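Chain and residue survey
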Amino acid sequence: MARQSGTGTSATRRLGILVILMLAGLALCGLWFSAEDVVQGSTVRIMYIHVPSIWTAYIAFGLTAVCSAVYLSGKNRSLAWDRFAGAAGEIGVLFVAVSLVTGSMWGRLTWGTYWVWDARLTSTAFLFITYVGYLAVRQLGGTHRQRARRSSVLALLAILEIPLVHFSVTLWRSLHQEASVANPNAKVALDGLMLFSLFLGLVAFTLLFVWLVLHRQRAMMLEDAFSDRGLDLAITARRNEAGA
Amino acid sequence: MKHASFIFGSWGLTAVSVAVYAVWVIRRGRELAKHATREEMPWT
Amino acid sequence: MDLTPRTVTEPGTQPPARKRRWLPILVVVGALLGGGVIVTQFLTSAIDYYCNVDEVGVRSGCSGERRMRVQGVVEQNSVKHADGGTTFTLDFNRKTLKVAYSGDPGGVFQECIPIIAHGRVVNGVFESDRIEVKHSNQYVEKNSTRIDASNKEAAACSVLKG
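Residues numbered from 1 in each chain as written. Chains lettered and ligands numbered in written order. Predicted model: local features only at pLDDT ≥ 70, side-chain atom pairs only at ≥ 80, totals over all residues.

Along the backbone of chain A there are 9 helices and 0 strands. Of all 244 residues assigned to chain A, the portion counted as buried reaches 52%. In chain A, the proportion of contacts linking residues at least 24 apart, taken out of those at least 6 apart, comes to 80%. (Helix = DSSP H or I, 4+ residues; strand = E, 2+ residues; numbered from the N terminus. Buried ≥ 20, exposed ≤ 12 C-beta atoms within 10 Å, placed from the backbone. Contact = placed C-beta atoms within 7 Å.)

What follows is about the nonpolar core. Counting 111 residues, the largest nonpolar core has Ala60(A), Ile91(A), Val96(A), Phe128(A), Tyr131(A), Val70(C) and Ala117(C) as its most contacted members. If you tally residues by element for this core, the top one is helix α8 (residues 192-228) of chain A, at 16 residues. (Core = buried A, V, L, I, M, F, W, Y, C linked by C-beta atoms within 7 Å.)

Residue and element names in this part refer to chain A. Counted at 1.5 Å a residue, the expected span for helix α5 (residues 144-158) with its 15 residues is 21 Å, and the 21 Å between its end C-alpha atoms agrees. When we look at burial in α5, the residues that qualify are His 144, Arg 147, Ala 148, Ser 151, Ser 152, Ala 155 and Ala 158. Angularly, the buried residues of α5 cover 125° about the axis, an arc narrow enough to put them on a single face. Elements that come into contact with the buried residues of α5 comprise α2 (47-73), α3 (79-110), α4 (119-138), α6 (161-166) and α8. (Expected span 1.5 Å × (residues − 1). Arc of directions from axis to C-beta.)

Here we come to the confidence of the model for chain C. Scored by pLDDT, chain C comes out at a mean of 82, with 77% of its residues at no less than 70. Among the scores for the predicted complex, ipTM is 0.94 and pTM is 0.87. (pLDDT = per-residue confidence, 0-100.)

Turning our eyes to something else, we now look at unusual backbone geometry. Of note, the phi angle at Arg94(C) is positive, near 65°, even though the residue is not glycine. As for its position among the elements, Arg94(C) is in the loop between β4 (85-92) and β5 (95-101).

Residues and elements named next belong to chain A. At their nearest, the axes of α3 and α8 sit 8 Å apart, and the two run at 125° to each other. With respect to their mutual orientation, α3 and α8 come out oblique. As for the relative orientation of α3 and α8, their crossing is right-handed in sense. Contacts between α3 and α8 involve Leu 79, Arg 83, Phe 84, Gly 86, Ala 87, Ala 88, Glu 90 and Ile 91 on the former and, on the latter, Phe 209, Leu 212, Val 213, Arg 216, Gln 217, Met 220, Met 221 and Asp 224. Along the lines of polarity and charge, the residues of the contact of α3 with α8 split into 10 nonpolar, 2 polar and 4 charged. (Axes fitted to C-alpha atoms, helices over the stretch in contact; angles between N-to-C directions. Parallel < 35°, antiparallel > 145°, perpendicular 65-115°, else oblique. Left-handed = near helix turned anticlockwise from the far one by under 90°. Nonpolar A, V, L, I, M, F, W, Y, C, P; charged D, E, K, R; others polar.)

Between chain B and chain A, the contact holds 29 residues from the first and 34 residues from the second. Here the side of chain B that touches chain A is composed, by residue class, of 14 nonpolar, 9 polar and 6 charged.

With that settled, the discussion passes to the pairing of strand β6 (residues 114-122) of chain C. Residues and elements named next belong to chain C. Taken together, the 6 bridges between strand β2 (residues 68-74) and β6 define a ladder with antiparallel strand orientation. Paired with Met 68 across the strands is Gly 119, a residue of β6. For β6 and strand β7 (residues 125-133), the ladder comprises 8 bridges, and the chain directions are antiparallel. Bridge pairing in β7 places Arg 120 opposite Glu 127. Adjacent in sequence and paired antiparallel, β6 and β7 are bridged by 2 residues, among which Asn 123 carries a positive phi angle near 50°. (Pairing = 2+ DSSP bridges.)

Between the first and last C-alpha of α8(A) there are 54 Å, a value that for 37 residues agrees with the 54 Å anticipated at 1.5 Å per step. A positive backbone phi angle near 65° is found at Gly230(A), which sits one or two residues after α8(A).

With that out of the way, let us pick up the environment of Leu198(A). By secondary structure assignment, the location of Leu198(A) is in helix α8. C-alpha of Leu198(A) to C-alpha of Ala148(A): the two residues are 50 residues apart in sequence and 36 Å apart in space.

Written out as structure tokens, the structure reads:
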């Protein structure tokens, strides 16, 4: 048996510390140092977690699609690609959910309502439910290769929703604002420390995603290995015996 | 701060959600690693 | 308990002997049903969320006394509160529409801000019972503007004028 080091390495531990420090910095900048918005007042502070959350989800689903494409391409049929895809998909679902909830709370304060069926919110809800379905499809059973094949196909279809979500505010009439940074005019519409706080949030959440995905895909590697040797069920049984 | 409950609530909810998931991932990894061979953990 | 590893020909190719997994099947069915509801909402509501002020009475779906959502910018110096209601003028593409809202819009509602009002046109006035504030994508620090503290109500007008 290996030493009980879990899924961590010295590199992930260093990355974890960096992420914690950056998130602390984000909290200071977002909640304390950055100024209020002239129209929205202090409610703008929700933006510093809402936008990085959906950004992280986009990255996660992008990685899911890339890994799925590599797996399906046949050049490298390693199941590691499938595990990276699954881990990223799971983390993406978490961050879309966070984005929907924080956006809803922000919407209550600025729009005056928690939810509307406009293009951005509706397409984001559809994105969320698609990837919940993706995670469920991964759990349907069969061999690891069957799981990898069917979920890779689904991931390549689901990624087509990302441009639909991002450009929904320009394609259709929406209550949701247009992008303040990545907009078609290429004009940044945020003042000094507001822009810095948002940028810090994007970097911190991206590094948090990298840390999470490394740990999760390693745990998935162990799950697959245990599933192969039927040990998972035995461990559960032993744990139940110990608890009884 | 005006609307403090909504602002801190949204930050808190985000922090708790991510922290709960991160702790679950770490604990799951540690639990599985206890019974894994070195060959099954190529990162060690 | 026997924990001796079983002999496996090639990892990942043997279907694990498990009972049928009902939870993932239920989640997949739920996702399909939820997806159907969302697509329906998209086609009926999201794809054409509002009419602009200049389209009221002109564009199909924006005319008559049917209930609709109208988008425009709250005209400066037009907001009046009386008898528990609020009246103001919406402006878009040089066309205006008088709005009578049954209550105080609250939130970040103010002059010069784009809003969407829900309601219907009655005798040339848009009688609204719901207002959503459609804030812009511009974020300006409060302390970096030249806004007079006594003129907070017109903050959005200052941003528009630069």
